[in-house]
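Now for the letters of each chain:
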Amino acid sequence: MSAAPHTPSHDPHAAPAGAHGGHAAPHGHPTTSTFITIWLVLGFLTIVELAVPQVYDAEWNRHTKWVLLVILAVSKATLVGLYFMHLKWERPWLKYIALLPAYMGVAAVLLMCEEAWRGTVM
Amino acid sequence: MDTSHAAPTAHVSTPADDQHFGQATGGKVGMWMFIAQDGMAFGGLLLAYGLMRVWADHWPAAGLKPTNVLGIGLTAVATFVLICSSVSMVMAVQAAQHSRKSATTMWLSLTILGGLSFLGIQAYEYTHLVKEGLTLTNGYVHGHELHPLFGATFFVVTGFHGAHVTAGVIYLTCILFGAMKGKYTQGGLSYSPVELVGLFWHFVDLVWILVFTFIYLL
């Protein structure tokens, strides 16, 4: 991390795309190697996803399983959105439109917490 | 009358002039708005499912998890097929952007093949589950009486997604015919329709990632 020359360079795979289009080009398209890398990462995360229910199989650790699976699914969906759907290279307003359905996730968490709480008092 | 300021009116506006959306064409902004509302339709279904899970004492039955009833291995293959078809889709868009007609046609065909494979696996899965006794209104599988809404939830959510894959395959086929005529490989923004079908296809893939986790694995 100490060798990182630019602050937004948290993703090493973005480097070839940036070099291709230059920093000033927001529409600089990613290269084939970017897509192949994302494909491999998605495949790997799918394997991890399949292993999680096997490892956290018991009743007592089911919450760990839920949290891990949700994190994995959201990570995969984010990768598809950012790289395959080019959101990483779009202007903010298009990103805001794309973020609209994420509101459902917030609603889901709120409603489920409320229901779970109601279950404990009724 | 100050005519010196009238000059910009003669300028034809292009997508690149848009301060808010940059290079995004009207079609792209429209497709994203459609995807956002379609995403909320899926969100509504998944939200209802989530609440049902919270209400249910056991899902789908005491001592049974969804992973025991549904075929995870086969569905994992279907998931990977869909991810691969997303990769072939980005390759098709890239080929169209570089005006490579035969490459565009080949990658679009592979994407359609991926979609059809996914639908084939889903048809096989549905047939298998119905034969085992899981239907929209009834679920008596492996000697267990399942939660009455397990079948309904499963078939409605995966069926709604399957309908999207079917629509995507039809949409992709229409674009493939255009690509074979070279309509999208003439340079400039002519590749745009390939990019739009790509956005829809990746959205279908993205939703499946969530459906696979929430319906099958959780």
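Anything mentioned here points back to the structure above.
Residues numbered from 1 in each chain as written. Chains lettered and ligands numbered in written order. Predicted model: local features only at pLDDT ≥ 70, side-chain atom pairs only at ≥ 80, totals over all residues. Heavy atoms only, no water.

**Student:** Teacher, can you tell me more about the overall build of chain A here?
**Tutor:** What chain A contains, in helices and strands, is five helices and zero strands. Here chain A holds 122 residues, and the buried ones make up 33% of them. Put simply, 55% of the contacts in chain A that link residues at least 6 apart link residues at least 24 apart. Counting every atom, chain A has about 7600 Å² of accessible surface; 72% of that belongs to carbon and sulfur. (Helix = DSSP H or I, 4+ residues; strand = E, 2+ residues; numbered from the N terminus. Buried < 20%, exposed > 50% of the residue type's maximum accessible area, 1.4 Å probe, protein only. Contact = heavy atoms within 4.5 Å. Areas by Shrake-Rupley, 256 points an atom, 1.4 Å probe, with all protein chains shown as cover.)

**Student:** Explain the overall build of chain B here, please?
**Tutor:** Counting its regular elements, chain B contains six helices and two strands. Beginning at the N terminus, the succession of helices and strands in chain B can be written as α-α-α-α-β-β-α-α. For 218 residues, the compact-globule estimate of 2.2 N^0.38 gives 17 Å, and chain B exceeds it by more than 25% at 22 Å. Its C-alpha atoms give chain B principal-axis dimensions of about 85 × 45 × 20 Å. Residue burial in chain B is summarised as follows: out of 218 residues, 54% are buried. (Rg over C-alpha atoms; globule rule 2.2 N^0.38 Å.)

**Student:** Looking at this model, I keep getting lost on the interface of chain B and chain A. Mind explaining?
**Tutor:** Opposite the 48 residues of chain B that make contact, chain A presents 41 residues. Interface of chain B and chain A: buried area, both sides summed, is about 4000 Å²; carbon and sulfur atoms make up 78% of it. When the buried area of chain B at its contact with chain A is split by residue, B:Trp32, B:Leu47 and B:Leu217 rank highest and sum to 15% of it. Between A:Glu90 and B:Lys28 there is a salt bridge, and its shortest N-O distance comes to 2.5 Å. Between the two partners, chain B and chain A, sit six residue pairs in polar contact (both at pLDDT 80 or more). Looking at the side of chain B that touches chain A, the elements with two or more residues in it are α1 (26-55), α3 (72-97) and α6 (192-217) of chain B. (Buried area = accessible area lost by both parts, 1.4 Å probe. Salt bridge = Lys/Arg side-chain N within 4 Å of Asp/Glu carboxyl O. Polar contact = N/O pair within 3.5 Å; in protein donor to acceptor, adjacent residues only side chain to side chain.)

**Student:** Can you help me understand the nonpolar core in this one?
**Tutor:** Buried together is how nonpolar side chains tend to be arranged in soluble globular proteins. Membership of the largest hydrophobic core comes to 88 residues, with the highest contact counts inside it found for A:Phe84, B:Trp32, B:Met89 and B:Leu108. If you list the elements that add at least two residues to this core, you get α2 (32-55), α3 (62-84) and α4 (92-99) of chain A together with α1, α3, α4 (101-132), α5 (150-180) and α6 of chain B. Among the elements that line this core, the one with the most residues is α6(B), at 19 residues. Those residues within four positions of A:Phe84 in sequence are excluded, and the remaining contacts are A:Phe35, A:Ile38, A:Trp39, A:Leu42, A:Leu79, B:Ser86, B:Val87, B:Val90 and B:His202. (Core = buried A, V, L, I, M, F, W, Y, C linked by side-chain atoms within 4.5 Å.)

**Student:** Looking at this structure, I do not really get α3(B). What am I missing?
**Tutor:** Note that an α-helix has 3.6 residues per turn; residues three or four places apart therefore point the same way. The end-to-end C-alpha distance of α3(B) is 38 Å, a good match for the 38 Å that 26 residues give at a rise of 1.5 Å each. In terms of burial, α3(B) is largely enclosed, as 19 of its 26 residues are buried. (Expected span 1.5 Å × (residues − 1).)

**Student:** Even after reading the chapter, I still don't get the packing of aromatic side chains, so can you show me in this structure?
**Tutor:** The relative placement of two aromatic rings is captured by the distance of their centres and the angle of their planes. In this structure the tally under the stated criterion is 17 aromatic pairs over all chains. Ring centres 4.7 Å apart and planes at 50° place the aromatic pair B:Phe42 and B:Phe160 in the tilted group. Taken as a pair, B:Phe42 in helix α1 and B:Phe160 in helix α5 lie far apart in primary sequence, 118 residues in all. On the basis of relative accessibility, which here comes to 3%, the residue B:Phe42 falls in the buried class. By relative accessible area, which is 29% here, B:Phe160 ends up partly exposed. Aromatic rings pair up to connect B:Phe118, B:Tyr126, B:Phe154, B:Phe155, B:Trp208, B:Phe212 and B:Tyr216 into one cluster. Cation over ring: A:Lys88 sits above A:Trp89, and NZ or CZ is 5.7 Å from the ring centre. (Phe/Tyr/Trp six-rings, centres within 6.5 Å; stacked < 30°, edge-to-face > 60°. Lys NZ or Arg CZ within 6 Å of the ring centre and 35° of its normal.)

Functional significance is not addressed by these values, which are geometric in nature.
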